[in-house]
Amino acid sequence: MTDRAAQPSFWARLSKRLKRHWQKTWQQIRLQRSIRHLHGPKGRVAAPDEVVLIALVRDGGYYLDVFFDHYRALGINHFVFVDNGSCDDTLARLQQEPGVAVLQSTLPWGRFENGFRATAARRYGQDRWCLIVDMDEIFDFEGRFEIGLAGFIRYLTAQGYTGVMAQMLEMFPKSALRDVASLPYRDVMEQFSNCDLSAVKSLPYDSDQTGLAYFLHQNSPAISAPPILFGGVRGKVFGENCCLSKHPLIFNGADVGPAVHPHASTGLHLAPMAALIKHYKFANDSFGRDQQSLASASIAHGEDRLRLAAIGQNSDLSLWSETAQTFPGISGLQQQGFLLADPEFTAHIAQSITQNPLAEAAKGGTT
């Protein structure tokens, strides 16, 4: 007699592998058959030194003006949107914008979002730097005003880095969330001026406990790699164990797996500094969107259920508390340990200012 559990037979293990293989293959075939080209160039047009922005969108008209203003100000001229069945004016407005390509698939967002992003990256961003963001995300980084995105890319390329980690910072107003549900996005940029770092949790980049280890272990991080962060104000208020770290800026070279997970790409030589994503999840009637998501079962992680339960118990819910602070800027977030700084990159920026004093004179506040 033995307490050892019976092991599956060779044929049972082989059958399971084959089943997974064919399921993955069929999903890829289904995805590729579903993709339609709606507008703009059909393939890569960006020059080697240009960045291609990739975003998924569904009924995203609310965000478009601010989104384009910010990313065009960064110097981005090439935008690829994968539409997931918009019913508002999103498609009509995108087709009026220069430098925009639009693909569309109406397959379920929750099951195919990785494939949507990866398809766009392969078609439009192969051997190019790609910035992969959501419509409610504003990407920022140290040196934005001094050297700009173009200077940042040149530095990363010269150092041999092919990926940058960013930490997501939830932005919120001081008022109750229901009072700003219908606030225009441009007004959101002004009123959602607060953040809260008190409940952020951290794990090392190479930890087996991140839930992303399978993907992150396929990257080559710097010795001082940015940590993987969780929780934040959404963890504090709603009990969400949401991941706050992702790889939005990547060079999509031959060995890179772009957007294989909503928070990760693979095959990256990761830079030692962290960029910032200011996240505006609670704009645009977030709880109404949670109700729609729950009703359609489009996303299975359950975070929308947690948020709806909290607002059901307190209709005057606010994310503000005594631990909140006004957005302190990139340097303030570095000083508080939310963003990892790289001394060599900081020195590079300072040298650039010395060589170009006008860069410092032009420096202003962040979006």
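For the structure given in this document, a descriptive report is provided here. (Residues numbered from 1 in each chain as written. Predicted model: local features only at pLDDT ≥ 70, side-chain atom pairs only at ≥ 80, totals over all residues. Heavy atoms only, no water.)

With that out of the way, let us pick up the overall build of the protein chain. Counting its secondary structure elements, the protein chain contains 13 helices and 15 strands. For the protein chain, the proportion of its 367 residues judged to be buried stands at 50%. Long-range pairs, those at least 24 residues apart, make up 77% of the contacts in the protein chain between residues at least 6 apart in sequence. Counting every atom, the protein chain has about 17500 Å² of accessible surface; 51% of that belongs to carbon and sulfur. (Helix = DSSP H or I, 4+ residues; strand = E, 2+ residues; numbered from the N terminus. Buried < 20%, exposed > 50% of the residue type's maximum accessible area, 1.4 Å probe, protein only. Contact = heavy atoms within 4.5 Å. Areas by Shrake-Rupley, 256 points an atom, 1.4 Å probe, with all protein chains shown as cover.)

Our focus in this paragraph is the packing of aromatic side chains. Any pair of aromatic rings gets described here by the distance separating the centres and the angle formed by the planes. Counting across every chain of the model gives 19 aromatic pairs. Relative to Phe-68, the ring of Phe-67 has its centre 6.3 Å away and its plane inclined at 90°; by these criteria the two rings are edge-to-face. The same class applies to Phe-67 and to Phe-68, which are both buried. These aromatic residues form a ring-pair network of at least three members: Tyr-62, Tyr-63, Tyr-185, Phe-192 and Tyr-280. (Phe/Tyr/Trp six-rings, centres within 6.5 Å; stacked < 30°, edge-to-face > 60°.)

Per the counting criterion, the structure on display carries 16 salt bridges. Note that Lys-246 and Asp-134 form a salt bridge whose closest N and O atoms lie 4.0 Å from each other. In this pair, Lys-246 sits in strand β11 (residues 245-251) while Asp-134 sits in the loop between β5 (129-132) and β6 (137-140), placing the two residues 112 residues apart along the sequence. Here Lys-246 matches Asp-134 in class, with each residue buried. (Salt bridge = Lys/Arg side-chain N within 4 Å of Asp/Glu carboxyl O.)

This paragraph deals with the layout of surface pockets. Considered as a void within the structure, the second largest pocket measures approximately 540 Å³ in volume. Lining the second largest pocket are 20 residues, and of these Lys-24, Gln-28, Asn-114, Gly-115 and Val-260 lie nearest its centre. Of all elements in the fold, only α1 (10-34), α4 (109-124), α7 (213-216) and β12 (257-261) reach the threshold of two or more residues within the lining of the second largest pocket. Among the elements that take part in the lining of the second largest pocket, α4 stands out by supplying eight residues, more than any other. (1 Å grid on protein atoms, 1.4 Å probe; cavity = no way out; pocket = protein on both sides within 12 Å on 5 of 7 lines; lining within 4 Å. Points joined across faces, edges and corners; volume = space filled by probe spheres on them.)

A few words on the pairing of β12. Inspection of the sheet shows β12 paired to strand β13 (residues 264-266) by two bridges, in the antiparallel sense. Of the residues in β13, the one forming a bridge with Gly-257 is Thr-266. In this antiparallel pair of consecutive strands, β12 and β13, the connection spans two residues. (Pairing = 2+ DSSP bridges.)

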